[in-house]
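Geometric and topological summary
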Amino acid sequence: MPALGDGPWLDDAAGRLVRPFTVSNGRTRPSIALDLMSQVMGTGVTPLGYLGPEHAQALDLCRGPVSVAEIAAQLKLPAVVTKVLLSDLVDCGALTAKPPAFPHNPTDRALLEAVLDGLRRQL
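Below: a short report on this structure. (Residues numbered from 1 in each chain as written. Predicted model: local features only at pLDDT ≥ 70, side-chain atom pairs only at ≥ 80, totals over all residues. Heavy atoms only, no water.)

**Regarding helix 4 (residues 79–91)**
Applicable threshold: Note on conventions: DSSP H or I runs of at least 4 residues are helices, E runs of at least 2 residues are strands, and numbering of each starts at the N terminus. Multiplying one less than the number of residues by 1.5 Å gives the expected span of a helix. Exposure classes here rest on a 1.4 Å probe applied to the protein chains alone. A residue is buried below 20% of its type maximum, exposed above 50%, and partly exposed in between.
Over its 13 residues, helix 4 runs 18 Å from end to end, which matches the ideal 18 Å to within 8%, given 1.5 Å per residue. Among the residues of helix 4, those classed as buried are Val 81, Thr 82, Lys 83, Val 84, Leu 85, Leu 86, Ser 87, Asp 88 and Leu 89. Gly 93 sits one or two positions beyond helix 4 and adopts a positive phi of about 85 degrees.

Structure follows, in structure tokens:
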């Protein structure tokens, strides 16, 4: 079994030893709105007080702009838990967050038809 601060708390036979909801102290809603495609990045500010090993791992992954989905995958945590962890880090000033930038309305009919046409050409 890994040491306390080393990687996710996993056991080959048992799987995750710490349940995801305990990582976020039972919270299921982040304090800020984060989309899976939101970009987060470290500010260089060190969080005051103890946040937990998963917070430190998340902060370490945010040296450059990275999506919430990528962090969740790297931490092997559900997206909602990752969003809570990241919102904690934004709240203490250790991270900045930007909403995803879409060049077009994702429900724009013309855009969807162009994507469909491109997919049909690939077949």
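**Here's the deal with the nonpolar core**
Convention followed: Residues belong to a common nonpolar core when they are buried Ala, Val, Leu, Ile, Met, Phe, Trp, Tyr or Cys residues joined through side-chain atoms within 4.5 Å. It only takes one pair of heavy atoms within 4.5 Å for two residues to be counted as in contact.
The biggest cluster of nonpolar side chains holds 15 residues, and the ones touching the most others in it are Val 40, Cys 62, Ile 71 and Leu 86. Elements supplying a minimum of two residues to this core: helix 3 (68–75) and helix 4. If one sorts the elements of this core by residue count, helix 4 sits on top with 4 residues. Once you skip the residues sitting within four places of it in the chain, Cys 62 turns out to touch Val 40, Met 41, Gly 42, Ile 71, Leu 86 and Leu 95.

As far as function goes, none of this settles anything; it's purely spatial.
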